[in-house]
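Examining the three-dimensional arrangement
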Amino acid sequence: MPDKPVRVTKTPKSLELAITNRCNLRCTYCSHFSSEGDTGEDLPLERWLSFFEELNQCAVMDVSIQGGEPFIRQDLTEIIDGIVKNRMRFSILTNGTLITDEMASFIKSTGRCDQIQVSIDGSTSEIHDTCRGKGNFLKSVDGLEILRKNGIPVTVRVTIHRHNVFDLENIAKFLLEDLNLPGFSTNSASYIGLCRQYAKEIQLTHEERYFAMTTLLKLSRKYNGRITGDAGPLSEVSMWMEMEAARKKRMKNLSGRGCLKGCRGVFNKIGVRSDGQMVPCIQMPHIALGQINHERLITVWQQHPALNELRRRMSISLDTFDFCKNCPYIAYCTGNCPALAYTITGMENHPSPDACLRKYLEEGGKLPDDGV
Amino acid sequence: MDNKPIINRSIVFREEFDEWAILFYPDMGTSFGLNPVSVFIWKHLDGEHTVNDILIKLRKQCEDTPDDAINHIEGFVGKLIDHGFAGYEHHA
């Protein structure tokens, strides 16, 4: 690949911080555990605090605190204090089971929390706990309610899998009517991390994927857009229906498609694993870019060859891949997520087979009717 | 006119492409985009320059500075102060 200069901001705007690799749960589709991001001990507090000072100098605006389970760290308040002191805002991704009133009150008092995302995967204990472990539905809902009581902006993420796909209507009713949340987002169990061990039991079949797409489209309309999907069936169905419509109309192309343009994350943000290794994205923990406090963030961000190669990924045309040969959707496709492409094919610079419309249709998958 | 405005140190100043920048107020979660002239002004809000001092420097830096530039600078600085992005130092 030619070493063409890539235009990039001086520093990242946002960071994803995996402040711990520990978790009190072992959800069977977790994107962690059994990946290169599984490292030994967590980075000590002082190392994070030093790094936050560097983030301040780099004018980073916000961080997403992730894990493992962030609330498992006994020093989470000190970590958040360090973020606030260094002029950043923050959000947190959590399973919700370890949230206390005291912690929620502290988070509210900072005035800097954009949102806390709690994972809830079912309308009942029976369904939620199938993959997340017994007793955790009630704990997660309690955690969610504690956050709301303290006035913290919350959102819920529903990960769709074989054990909850037929509960989607109930989940929507539970979250949007019973709990009266403003909305929730969806994705699906992906071939990453622990999910790879249980893929057959957890990942949606094509029939279930079709059911999920159809149901989510209906629910999204019923609830007036309060259900969203950055990944998974709801996201896929919007993109795939657009691609199919473009093919039927014989459009020459769709703007921004035809190359590996499925992810712009590397232009805005960077991740840090729980052992302090900088990575392009928490979902791509195998690409180690350098240790925080040893390598300068600005140098890694602007000059690391692996990061710049990922940025150049966007100029790789899909028609250069055997995988895409003779595909009628090439001019309308983005190749989707590089992390999934890597876990499935061993290459980031490849389209993700999981998101391939032609493959899905050839294997018997269906798209919903336009008027669903 | 003799006042010397100074930036709020808790504001994040992010330089972006082509000499544009973003001002980010972490306490409020609000941000402003700055064009290159606004960036020039922002960098001189150091408590050492009056608005008039900034205008003089701007005229040296940029050709074709409009006659009413002082009004624009005063308006911009006024907005920054209204939104808490800048202020004046109080001397006891």
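All figures in this text were calculated on a predicted structure; none of them were measured in a lab. (Residues numbered from 1 in each chain as written. Chains lettered and ligands numbered in written order. Predicted model: local features only at pLDDT ≥ 70, side-chain atom pairs only at ≥ 80, totals over all residues. Heavy atoms only, no water.)

1. With respect to the environment of Asp275(A)
All names here are of chain A. Along the chain, the position of Asp 275 falls in the loop between strand S8 (269-272) and strand S9 (277-279). Expressed as a C-alpha distance, the spacing of Asp 275 and Pro 12, which sit 263 residues apart in the sequence, is 20 Å. In this view, Asp 275 contacts Thr 39, Leu 43 and Gln 291; residues no more than four positions away in its chain are not counted. A distance of 3.2 Å separates the side chain of Asp 275 from the backbone nitrogen of Gln 277, its partner in a polar contact. (Helix = DSSP H or I, 4+ residues; strand = E, 2+ residues; numbered from the N terminus. Contact = heavy atoms within 4.5 Å. Polar contact = N/O pair within 3.5 Å; in protein donor to acceptor, adjacent residues only side chain to side chain.)

2. Details of the sheet that holds S9(A)
Here 10 strands make up an open sheet; going across it, the order is S7-S6-S5-S4-S3-S2-S1-S8-S9-S10 (chain A) and the pairing mixed. Because the sheet does not close on itself, it has two edges, and the strands there are strand S7 (227-229) and strand S10 (290-291) of chain A. (Pairing = 2+ DSSP bridges.)

3. Description of the interface of chain B and chain A
Of the residues lining the interface, 16 residues belong to chain B; the matching set on chain A comes to 16 residues. Summed over both sides, the interface between chain B and chain A buries roughly 1300 Å², with carbon and sulfur atoms accounting for 55% of that surface. Summed over the three residues of chain B that lose the most area to chain A, namely Arg14(B), Phe17(B) and Phe24(B), the buried surface amounts to 44% of that side. Where chain B meets chain A, there are two salt bridges. The salt bridge partner of Glu15(B) is Lys10(A), with a shortest N-O separation of 3.9 Å. Going through the elements one at a time, strand S2 (12-15) and strand S3 (21-25) of chain B are the ones with two or more residues in the side of chain B that touches chain A. Tallying contributions element by element places S2(B) first for the side of chain B that touches chain A, with four residues. (Buried area = accessible area lost by both parts, 1.4 Å probe. Salt bridge = Lys/Arg side-chain N within 4 Å of Asp/Glu carboxyl O.)

Coordinates in, geometry out; function isn't part of it.
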